[in-house]
Amino acid sequence: NAGVTQTPKFQVLKTGQSMTLQCAQDMNHNSMYWYRQDPGMGLRLIYYSASEGTTDKGEVPNGYNVSRLNKREFSLRLESAAPSQTSVYFCASRRGSQSNQPQHFGDGTRLSIL
Amino acid sequence: AQSVSQHNHHVILSEAASLELGCNYSYGGTVNLFWYVQYPGQHLQLLLKYFSGDPLVKGIKGFEAEFIKSKFSFNLRKPSVQWSDTAEYFCAVNAGNAGNMLTFGGGTRLMVKP
């Protein structure tokens, strides 16, 4: 039962470097999400994909890009990393787009930008 | 825009004490409400959810929450906590007009002393 799988689990980058965080789900879910978690701020939505082929901005999209490669995979890219992007990143998926359905989360990627 | 407030940032309890964590949200229309728990070093897991019907919702591990529409609240309760309940708890709201957007509160870090 893999659920939502994120890679890598940890990464340290230098300011200005680029990086892609990978996320894959094996539950045949339609919707996928990327969040960042910062102390005292809960989780904030960066981007989401309601279905294969679509992506939309969330609350904090600046500095990020996403790709919904296929139904299973949803990647998050930092083109030029900044210290303010130091955070824990969570990917999540949901079966459909109905708002009463819960999201299922991956284990997170802890990213540090020096 | 919807917002979610969790007023208790840190709570320390002894085992067997009763727990109530506050959650208030700002949206006045139809809402779907969730409580997630994040155990140390793990991903978020769904505790319980409310989307219609009985406003008293029972979840896993003896947790329950009550939706009070007039107070815009969805407080989490447990009659007797255990050391294993030490975790961070997040309230989340999906407003009826927000589509795929799930808004999280800032989280409450609970420590249960044995």
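Check the entry above for the structure.
Residues numbered from 1 in each chain as written. Chains lettered and ligands numbered in written order. Predicted model: local features only at pLDDT ≥ 70, side-chain atom pairs only at ≥ 80, totals over all residues. Heavy atoms only, no water.

Participant: Residues and numbers for the interface of chain A and chain B, please.
Facilitator: Counting residues at the interface gives 25 residues for chain A, matched by 19 residues for chain B. At the boundary of chain A with chain B, total buried surface from both sides reaches about 1,700 Å², with 55% on carbon and sulfur atoms. Joining chain A to chain B, the criterion identifies zero salt bridges. Taken together, the connections running from chain A to chain B amount to five residue pairs in polar contact (both at pLDDT 80 or more). When contributions to the side of chain A that touches chain B are tallied by element, the ones reaching two or more residues are strand E4 (31-37), strand E5 (43-49) and strand E9 (87-94) of chain A. Per-element tally for the side of chain A that touches chain B: the top contributor is E4(A), with four residues. For the side of chain A that touches chain B, the class distribution of residues is 10 nonpolar, 11 polar and four charged. (Contact = heavy atoms within 4.5 Å. Buried area = accessible area lost by both parts, 1.4 Å probe. Salt bridge = Lys/Arg side-chain N within 4 Å of Asp/Glu carboxyl O. Polar contact = N/O pair within 3.5 Å; in protein donor to acceptor, adjacent residues only side chain to side chain. Helix = DSSP H or I, 4+ residues; strand = E, 2+ residues; numbered from the N terminus. Nonpolar A, V, L, I, M, F, W, Y, C, P; charged D, E, K, R; others polar.)

Participant: So what's going on with the environment of B:Pro40? Which residues, and what values?
Facilitator: Residue and element names in this part refer to chain B. Assignment of secondary structure puts Pro 40 in the loop between strand E5 (31-38) and strand E6 (44-50). Through-space distance from the C-alpha of Pro 40 to that of Glu 88 is 7.8 Å; in sequence the pair is 48 residues apart. If near-sequence neighbours (up to four positions away) are discounted, Pro 40 is found in contact with Thr 86 and Ala 87.

Participant: Tell me about the nonpolar core, and please be specific about residues and values.
Facilitator: Ranked by internal contacts, the top residues of the largest apolar core, which has 28 residues, are B:Leu33, B:Trp35, B:Leu47, B:Leu48, B:Phe74, B:Leu76 and B:Tyr89. Counting residues per element, the ones that place at least two in this core are strand E2 (10-14), strand E3 (19-21), E5, E6, strand E8 (64-68), strand E9 (73-78), strand E10 (87-95) and strand E12 (108-113) of chain B. For B:Leu33, the contacting residues outside a window of four places in its chain are B:Tyr25, B:Leu48, B:Lys49, B:Tyr50, B:Phe67, B:Phe74, B:Ala92 and B:Val93. Listed in part, the 20 residues of the second largest apolar core include A:Met32, A:Ile46, A:Tyr89 and A:Ile113. (Core = buried A, V, L, I, M, F, W, Y, C linked by side-chain atoms within 4.5 Å. Buried < 20%, exposed > 50% of the residue type's maximum accessible area, 1.4 Å probe, protein only.)

Participant: So what's going on with the sheet that holds strand E1 (residues 4-7) of chain A? Which residues, and what values?
Facilitator: Residues and elements named next belong to chain A. Read from one edge of the open sheet, four strands run E1-E3-E8-E7, paired in antiparallel fashion. Across the chains shown, the open sheet's two edge strands, defined by having one partner strand only, are E1 and strand E7 (64-68). The average undirected angle you get between the axes of adjacent strands in this sheet is 20°. (Pairing = 2+ DSSP bridges. Axes fitted to C-alpha atoms, helices over the stretch in contact; angles between N-to-C directions.)

Participant: Which residues make up the packing of aromatic side chains, and what values do they have?
Facilitator: Tallied over the full model, the rule gives 14 aromatic pairs over all chains. An angle of 40° between the planes, with centres 5.8 Å apart, marks the rings of A:Tyr35 and A:Phe105 as tilted. Taken as a pair, A:Tyr35 in strand E4 and A:Phe105 in strand E10 (residues 104-105) lie far apart in primary sequence, 70 residues in all. Since its relative accessible area comes to 5%, A:Phe105 is described here as buried. Ring geometry for A:Phe105 and B:Phe104: centres 6.1 Å apart, planes at 75°, overall edge-to-face. In this pair, A:Phe105 sits in strand E10 while B:Phe104 sits in strand E11 (residues 103-104), so the two residues belong to two different chains. (Phe/Tyr/Trp six-rings, centres within 6.5 Å; stacked < 30°, edge-to-face > 60°.)

Participant: A description of the environment of A:Phe105 should follow, citing residues and the corresponding values.
Facilitator: Spatially, the C-alpha atom of A:Phe105 lies 24 Å from that of A:Ser18, the residues being 87 residues apart in sequence. Once you skip the residues sitting within four places of it in the chain, A:Phe105 turns out to touch A:Val4, A:Tyr35, A:Leu43, A:Phe90, A:Cys91, A:Ala92, B:Tyr36, B:His43, B:Leu44 and B:Phe104.

Participant: Talk me through the pattern of salt bridges; I want residue IDs and the actual numbers.
Facilitator: Residues and elements named next belong to chain B. The full count for this structure, using the stated rule, is eight salt bridges over all chains. Ionic pairing is found between Lys 78 and Asp 85, a salt bridge with its closest N-O pair at 2.9 Å. As far as the burial class goes, Lys 78 and Asp 85 line up, both buried. It is possible to trace a salt-bridge network through shared partners that takes in Lys 58, Glu 64, Glu 66 and Arg 77.

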